[in-house]
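Notes for the structure review
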Amino acid sequence: MQHNLFIYNTLSRTKESFQPLHPPHVGMYVCGPTVYGEPHLGHARSAITFDLLFRYLLFLEYKVRYVRNITDVGHLENDADEGEDKIAKKARLEELEPMEVVQHYTNSYHAMMDKLNVSKPSIEPHASGHIMEQIEMIQQILDAGFAYESNGSVYFDVEKYSQSHKYGILSGRILEDLIDNTRTLDGQNEKRRNVDFALWKNAQPEHIMRWKSPWGAGFPGWHMECSAMSCKYLGEVFDIHGGGMDLLFPHHEAEIAQSTVCHHKIPAKYWMHNNMITLSGQKMGKSLGNAITLEQFFTGNHPLLEKAYHPMTIRFFMLQAHYRSPLDFSNEALQAAEKGLQRLLKAVELLDKLKSSETSSVNVGEIEKAVFEALDDDLNSPIAIANLFEAVRTINLVQENKETLTEADLQRLKDMMHGVLFDILGLLPATSSAGDNQLVEKLMALIMEIRANARTNKDWATSDLLRDKLAASGISIKDTKDGATWEVGS
RNA sequence: GGUACCAUGGCCGAGUGGCUAGGCAGCGGUCUGCAAAACCGUGUACAGCAGUUCGACUCUGCUUGGUACCUCCA
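What comes next concerns the included structure. Treat the numbers as computed from the prediction; the structure is a model and nothing was measured.

**Here we look at the overall build of chain A**
- Within chain A, the secondary structure is distributed over 16 helices and 15 strands.
- When the backbone C-alpha atoms are referred to their principal axes, chain A occupies close to 90 × 50 × 35 Å.
- Within chain A, the fraction of its 490 residues that count as buried is 51%.
- For chain A, the exposed area adds up to about 23,100 Å²; of that, 49% sits on carbon and sulfur atoms.
- Of the charged side chains in chain A, 49 are positive and 66 negative, and the gap between their average positions amounts to 4 Å.

This is the structure in structure tokens:
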């Protein structure tokens, strides 16, 4: 089947046909987490969005190098230039080595991503491991005359840059507005203009994360790492740069300015931004103090959560909204997603048991076409999923002999469902909930046999007693035409 | 204050100048010893006002409400 992938490019604010610079290779860089706290739902949104893209590009048989960084230096506290490095501050509070903190939260992030079935990137570089590259790039910007040194720090000269380049090309910002309207911040005295941003920061004596540089001991500025690392692993110009919408300005704008000075080109062809997760309509964020961590979702251990949610429920919940739309969290929405996903997965299981017919009464190709057209249209996963539900209805109707499918169509539907659901959307097939305990399996088999015998003898009292007692223990029994099944939970 | 964006049925959430999104809930039905589960069927909603148009939820303007960014943030 012919695919023509369109993706929304923030740079042009339109959907563009995706044409890699060097097909079949695709270079993709996504801004990863700052590892100073437990990963929350927002991290999952970004990771799942670009995992979907990564998986779809692989499905389309591109050879993708996916780089997603770990930010472990260079992010300042709210008090901006006078502040200390976030990682360092956290370390002092907990009396740990900074790298110990980094490792701890990196491990958490990885564990949560694994649960969400987020593919690992091809390369996961750490900012702290690329200080040399960042220093070199800063030197290049200084040599080109687009930065100045001040009191052991180096700042990017935005005004100078804007004389020959368009600063604000990505975010649509106008320099004059920024100069007029940027709020007054502390510690602006080192900078010529409030819009200038730090490339290198002089480290105060108490600042424990520090590296030697031509300008003294310090640490790299907020935006250098992504420019340096994307260039190192993907080249001066690569295909896709992704990240959350909140990084659009100033982070990505600064990246463009830095890289443009060094390489005279905008570093990426397509810029993609996922929207935010909101909680009661407000952005969920660590700094806002309203973030629910992924761990809490999986355990249900949070006052706002009515229950624990399976990682796949979270994943499916996100995929049911388009990545560029804000998505509001609620227990009701999550439980709706949980039910819907169950329905989808049950139908996929049922698919293996369907009997084929001489003719097909349903046009499988049509459903398949609709699914892929949706994915091709800027990864419209909600429409793709809606069409998957069309397939579910078909599957159930075939089961009831109200629709028919030929052997070939059955196989085609199977391939499509598996390919889209598991390979592209990255969902995991339903697992039998107690399959990890052989003893339980054997005991339950015995109990089910006793109950089946009672039922054959119309001994409803015994049958109901077993059902009720098991229910009280959290095991539910479902009677179907082909006998009874059991599972832990609802 | 500046710059963007959004406003869809009970909830979540797509989309389009005229034709069914989808999921969950609700309702009706099938199945069942009963129940649960499962399955099938079922909803004409698009903030307000004005305009463009043969026709607007979809285009334009205004109003109201909301969000994001401008400061570390997915």
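Moving on, there is more to tell.
**Concerning the packing of helix 11 (residues 331–351) against helix 13 (residues 381–399)**
- Between helix 11 and helix 13, the least distance of the axes is 9 Å, while the angle of their chain directions is 50°. Judged on the interaxial angle alone, helix 13 and helix 11 are oblique. In terms of crossing hand, the pair formed by helix 11 and helix 13 is left-handed. Contacts between helix 11 and helix 13 pair Gly340, Arg343, Leu344, Ala347, Leu350 and Leu351 from the former with Leu388, Phe389, Val392, Ile395, Asn396 and Gln399 from the latter.
- Looking at the contact of helix 11 with helix 13, its residues break down into eight nonpolar, three polar and one charged.

**A look at the nonpolar core**
- Counting 135 residues, the largest nonpolar core has Met28, Leu57, Phe156, Ile240, Phe297 and Met417 as the members making the most contacts within it.
- With ten residues, the single largest contributor to this core is helix 1 (residues 41–59).
- Counting six residues, the second-largest nonpolar core is a separate cluster that includes Met444, Met448, Leu470 and Trp486.

**Section: empty space enclosed by the protein**
- Tallying each qualifying case throughout the model produces two cavities of 30 Å³ or more.
- Its volume calculated, the largest cavity comes out at about 80 Å³.
- Taken together, Arg45, Ile48, Thr49, Leu52, Met318, Leu319, Ala321, His322, Tyr323, Leu379 and Ser381 form the lining of the largest cavity.
- Secondary-structure elements contributing two or more residues to the lining of the largest cavity are helix 1 and helix 10 (311–319).
- The element best represented in the lining of the largest cavity is helix 1, accounting for four residues.
- Grouping the amino acids of the lining of the largest cavity by side-chain chemistry returns seven nonpolar, three polar and one charged.
- Of the volumes computed, that of the second largest cavity is approximately 40 Å³.
- In terms of lining residues, the second largest cavity is bounded by Pro33, Thr34, Val35, Gly37, Glu38, Pro39, His43, Tyr105 and Tyr109.
- Among the residues forming the lining of the second largest cavity, the class breakdown is five nonpolar, three polar and one charged.

**Regarding the sheet that holds strand 13 (residues 327–329)**
- An order of 12-11-13 is seen for the three strands of this open sheet, with the pairing classed as mixed. In this open sheet, the two strands that pair with only one neighbour each are strand 12 (282–283) and strand 13.
- Here strand 11 (residues 277–279) runs beside strand 12; their pairing, made up of two bridges, is antiparallel. Counted as the bridge partner of leucine 279 is glutamine 282 from strand 12.

**What to know about the side chain of histidine 273**
- For histidine 273, the location among the structural elements is in strand 10 (residues 268–274).
- There is a polar contact of 2.8 Å between the side chain of histidine 273 and the side chain of threonine 10.

**Points about the pattern of salt bridges**
- Tallied over the entire structure, the rule returns 21 salt bridges.
- The salt bridge partner of glutamate 338 is lysine 307, with a shortest N-O separation of 2.7 Å. Of this pair, glutamate 338 sits in helix 11 while lysine 307 sits in the loop between helix 9 (294–299) and helix 10, and the two are 31 residues apart along the sequence.
- The class of glutamate 338 is buried, set by a relative accessible area of 17%.
- Classification of lysine 307 as partly exposed rests on a relative accessible area of 32%.
- With its nearest N and O atoms 3.5 Å apart, the salt bridge here joins lysine 369 to glutamate 373. Placement of both lysine 369 and glutamate 373 in helix 12 (residues 364–376) is noted, with a separation of four residues, approximately one turn of the helix.
- Taken together, the salt bridges that share partners define one network made up of Asp51, Arg55 and Arg315.

**Describing the pairing of strand 3 (residues 25–30)**
- Extensive coverage of strand 3 is indicated by the burial of five of its six residues.
- Of the pairings in the sheet, the one linking strand 3 to strand 4 (residues 63–68) comprises six bridges and is parallel in character. If you follow tyrosine 29 over to strand 4, its bridge partner there is valine 67.
- With helix 1 bridging strand 3 and its parallel neighbour strand 4, the resulting β-α-β unit is right-handed.

**Side note on helix 12**
- With 13 residues, helix 12 extends 18 Å between its outermost C-alpha atoms, agreeing within 8% with the 18 Å of an ideal straight helix rising 1.5 Å per residue.
- Inspection of helix 12 places Val364, Gly365, Ile367, Glu368, Val371, Phe372, Ala374, Leu375 and Asp376 among the buried residues, and these make up the whole buried set.
- Residue aspartate 378 follows helix 12 closely and has a positive phi angle near 55°.

**A few points about the environment of phenylalanine 146**
- Along the polypeptide, phenylalanine 146 turns up in the loop between helix 4 (131–143) and strand 5 (147–150).
- Along the chain, phenylalanine 146 and tyrosine 8 lie 138 residues apart, while their C-alpha atoms are 31 Å from each other.
- When near neighbours in sequence (up to four residues on either side) are disregarded, phenylalanine 146 contacts Ile141, Tyr155, Phe156, Asp157, Lys160, Tyr161, Ser164, His165 and Val261.

So, how was this worked out
- Residues numbered from 1 in each chain as written.
- Chains lettered and ligands numbered in written order.
- Predicted model: local features only at pLDDT ≥ 70, side-chain atom pairs only at ≥ 80, totals over all residues.
- Heavy atoms only, no water.
- Helix = DSSP H or I, 4+ residues; strand = E, 2+ residues; numbered from the N terminus.
- Buried < 20%, exposed > 50% of the residue type's maximum accessible area, 1.4 Å probe, protein only.
- Areas by Shrake-Rupley, 256 points an atom, 1.4 Å probe, with all protein chains shown as cover.
- Lys, Arg positive; Asp, Glu negative; His and termini not counted.
- Charge placed at Lys NZ, Arg CZ, Asp CG, Glu CD.
- Axes fitted to C-alpha atoms, helices over the stretch in contact; angles between N-to-C directions.
- Parallel < 35°, antiparallel > 145°, perpendicular 65-115°, else oblique.
- Left-handed = near helix turned anticlockwise from the far one by under 90°.
- Contact = heavy atoms within 4.5 Å.
- Nonpolar A, V, L, I, M, F, W, Y, C, P; charged D, E, K, R; others polar.
- Core = buried A, V, L, I, M, F, W, Y, C linked by side-chain atoms within 4.5 Å.
- 1 Å grid on protein atoms, 1.4 Å probe; cavity = no way out; pocket = protein on both sides within 12 Å on 5 of 7 lines; lining within 4 Å.
- Points joined across faces, edges and corners; volume = space filled by probe spheres on them.
- Pairing = 2+ DSSP bridges.
- Polar contact = N/O pair within 3.5 Å; in protein donor to acceptor, adjacent residues only side chain to side chain.
- Salt bridge = Lys/Arg side-chain N within 4 Å of Asp/Glu carboxyl O.
- Right-handed = clockwise from strand over helix to strand, strands pointing away.
- Expected span 1.5 Å × (residues − 1).

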